[in-house]
Amino acid sequence: MPAFAAPDGTALAYQVVGEGEPLLCLPGGPMRASGYLGDLGGLSKRLIKLDLRGTGDSGTPADPATYRCDRQVADVEALREHLGLDRIDLLAHSAAGDLALLYAARHPQRIRTLTLITARARALGVDFTEAHRREAAALRTAEPWFGAAYDAYERVWAGSEADADWDAIAPFFYGRWGAVAQAHAASEVAQTHDEAAGIYASSGAFAPDAARAALEGMDARVLLLAGEFDSGPLPRIAADIAKLLPRAELAVQPGAGHYPWLDDPRRFTRTVAAFLGQEPAEPVG
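Residues numbered from 1 in each chain as written. Predicted model: local features only at pLDDT ≥ 70, side-chain atom pairs only at ≥ 80, totals over all residues. Heavy atoms only, no water.

A.B. asks: Looking at this model, I keep getting lost on the packing of aromatic side chains. Mind explaining?
C.D. replies: Counted according to the given criterion, the structure contains 13 aromatic pairs. Relative to W157, the ring of Y153 lies with its centre 4.3 Å away and its plane at 15°, an arrangement referred to as stacked. Here W157 and Y153 lie together in helix α4 (residues 146-157), a separation of four residues that amounts to about one turn. When the ring of Y174 is compared with that of Y259, the centres are 4.8 Å apart and the planes differ by 20°; the resulting orientation is stacked. Taken together, the residues Y174 in the loop between α5 (163-168) and α6 (179-186) and Y259 in the loop between β8 (248-253) and α11 (260-263) connect sequence positions 85 residues apart. The pair formed by Y174 and Y259 is uniform in burial state, with each residue classed as buried. (Phe/Tyr/Trp six-rings, centres within 6.5 Å; stacked < 30°, edge-to-face > 60°. Helix = DSSP H or I, 4+ residues; strand = E, 2+ residues; numbered from the N terminus. Buried < 20%, exposed > 50% of the residue type's maximum accessible area, 1.4 Å probe, protein only.)

Put into structure tokens, the structure is as follows:
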């Protein structure tokens, strides 16, 4: 697997899947190895999937504090330099939305397009709440698994850390709780670095006012893709995030949860490919 050195010397690995124009992909979790992204439903791009430090085939840093989201921005920039790309098309899923937004705030001139897939935006001061989770869960009452899963959700909201409860709520994160989704969910624990995940969004990681100000003049096009059934973010919260970013557009995928490329690969790839295939506008100024 190809690798490069982060500024602090940590060896970072990345996977390359497919052919075509490069699309740099940041995995969520937080701190889940990039393998769970698969081929993003067969997206016709050369996917360059970064294993964040301490995950997948990447090395473990000497200083665990560098797992904090803002401190990994330099890793993304090092990957861009390693690949020899002047500007990048950047895709981020879930918790990696924060990392992508911080990268864009620090290096706006390096972003050609930014694709945020069911992505967080704590970097901009937007978070997801228990009320949001309940609102999305209420859409799934007709599902055969709803009763047991919702009971487990109640225990999680009350503070349960039991693996059985966390496993039981997994169906809420998929539009279709079939064999593909179940296998995907089963791989999460082995792919996630729990210690790093606890540090990722720790105190000091985000300065929303500064990030919003830095992104006000960014001329890159932005796509926010939300799932109809997802709670992080709800489609209406994704719409609020879009309002904070210049040149942003929102797409809501019907019937999708937190992993829309699994729920309807054809619709997902059509939406993302259409966005990436648009002709860039003339630079401003």
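A.B. asks: Hey, could you run me through the pattern of salt bridges in this one?
C.D. replies: Between side chains of opposite charge, a pair can form as their charged atoms come close. For the coordinates displayed, the defined rule picks out 17 salt bridges. Of the charged contacts in the structure, one is a salt bridge between R80 and E81, with a shortest N-O distance of 3.9 Å. According to the relative accessible area criterion, R80 is buried, its value standing at 6%. You can call E81 exposed: its relative accessible area is 52%. Salt bridges here are not isolated pairs; linked through shared partners, they connect D8, R53 and D75. (Salt bridge = Lys/Arg side-chain N within 4 Å of Asp/Glu carboxyl O.)

A.B. asks: Looking at this model, I keep getting lost on helix α2 (residues 96-106). Mind explaining?
C.D. replies: Because each turn of an α-helix spans 3.6 residues, side chains separated by three or four positions in sequence point in the same direction. For α2, the tally of buried residues reaches ten of eleven residues, placing the bulk of the element in the interior. Taken together, the buried positions of α2 are occupied by A96, G97, D98, L99, A100, L101, L102, Y103, A104 and A105.

A.B. asks: Sorry, what's going on with the environment of I169 here?
C.D. replies: Along the chain, the position of I169 falls in the loop between α5 and α6. Residue class for I169 comes out buried when judged on its relative accessible area of 3%. Separated by 25 residues in the primary sequence, I169 and P144 have C-alpha atoms spaced 13 Å apart. Apart from the residues within four sequence positions on either side, I169 is in contact with A149, A152, Y153 and V156. (Contact = heavy atoms within 4.5 Å.)

A.B. asks: How do you make sense of the pairing of strand β4 (residues 46-50) when you look at a structure like this?
C.D. replies: Side chains on a regular strand alternate between the two faces of the sheet. Burial analysis of β4 places four of its five residues in the buried class, which makes it a mostly covered element. Relative to β4, strand β2 (residues 11-17) runs antiparallel, the two being bridged by four bridges. Residue pairing for β4: Q15 is matched across the bridge by K49. One ladder, built from four bridges, connects strand β3 (residues 22-26) with β4; its direction is parallel. By the bridge assignment for β4, C25 is matched with K49. (Pairing = 2+ DSSP bridges.)

A.B. asks: Can you walk me through the sheet that holds β2 in this structure?
C.D. replies: To summarise the sheet geometry, strands pair through backbone hydrogen bonds and adopt either a parallel or an antiparallel arrangement. Pairing is mixed in the open sheet, where eight strands are placed in the order β1-β2-β4-β3-β5-β6-β7-β8. On the outer flanks of this sheet lie β1 (3-5) and β8, each paired with one strand and no other. Between one strand axis and the next, the sheet turns through 25° on average, direction left out of account. With six bridges connecting them, strand β7 (residues 221-227) and β8 associate as parallel partners. The residue of β8 that forms the bridge with V222 is A248. Relative to the sheet, helix α12 (residues 265-276) contacts β3, β6 (111-117), β7 and β8, its axis offset from that of β7 by approximately 165°. (Axes fitted to C-alpha atoms, helices over the stretch in contact; angles between N-to-C directions.)

Remember, this is a structural readout, not a statement about activity or role.
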